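Take a look at the letters that make up each chain.
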Amino acid sequence: MTRRKRQRERGSAMMITMVLITVMLAGGAAIVGMQTKSNRSADTTRTGLSALYCAEAGLSAARPVIVTNYDKWSASLGGTTQPDWLSSTAFSHDLDGDGVDDFAITLRDNDDEAAPAANNPTVDTDQKIFIVSTCIKYADQPKQVTELVEYKEAANCYASQEGGCNGRGNSNVATP
């Protein structure tokens, strides 16, 4: 009777193949994870920029209405909500046409009181206020843009008043 000899390999090739497949799967999972994180980061950046542009557009839309309504500034200072006179009937708050307001406008006083007195955010003493435009379209990334505006009354330029018109100095004829 002849005896067969046993092979010594005992599945080592199969074990090496399984280790290689496991390493490749782990590497693929790591690459997918990195790509997912990168996509999330890009989306966050894109949303942040869109929210900033939304707030800037709100500021541009509100500026002419606010400047022409100086008499309503004092009653609107210090509030945390948009004044009624700046509602959607004054100008459109819908940038993308979906029927929902994309930004809100509030007014804030600058620190204009004299040093010994405490600042009163509900009173304007120097005809300067901040317009604050907040984008509410992107709730997860709210952005605000603030601009200081000053009210100056329109005045007629008289030739002999305050140095004359166009800086010639008391209506003196400009010398060549």
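Residues numbered from 1 in each chain as written. Predicted model: local features only at pLDDT ≥ 70, side-chain atom pairs only at ≥ 80, totals over all residues. Heavy atoms only, no water.

Engineer: For this particular structure, what's the right way to read the environment of N120?
Structural biologist: Within the element layout of this structure, N120 appears in the loop between β1 (103-109) and β2 (128-135). Sequence separation of N120 and G78 is 42 residues, and the distance between their C-alpha atoms is 8.8 Å. Once you skip the residues sitting within four places of it in the chain, N120 turns out to touch D109 and E113. (Helix = DSSP H or I, 4+ residues; strand = E, 2+ residues; numbered from the N terminus. Contact = heavy atoms within 4.5 Å.)

Engineer: Before we go on, may I ask you to explain the nonpolar core in this structure?
Structural biologist: In globular proteins that are soluble, nonpolar side chains generally tend to be buried together. One finds I66, I105 and L107 to be the most contacted residues of the largest nonpolar core, which totals 20 residues. Listed by contribution, the elements that provide at least two residues to this core are α1 (12-68), β1, β2 and β3 (143-150). A per-element tally of this core places α1 first, with 7 residues. Residue contacts for L107: discarding those within four places in its chain leaves I66, W73, S76, L77, G78, W85, I129, F130 and I131. (Core = buried A, V, L, I, M, F, W, Y, C linked by side-chain atoms within 4.5 Å. Buried < 20%, exposed > 50% of the residue type's maximum accessible area, 1.4 Å probe, protein only.)

Engineer: It is not clear to me how the side chain of D102 should be interpreted in this structure. Could you clarify?
Structural biologist: Along the chain, D102 falls in the loop between α2 (73-76) and β1. Other than its neighbours up to four places away in sequence, D102 contacts C54, H93, D94, L95, D96, T134, C135, I136 and K137.

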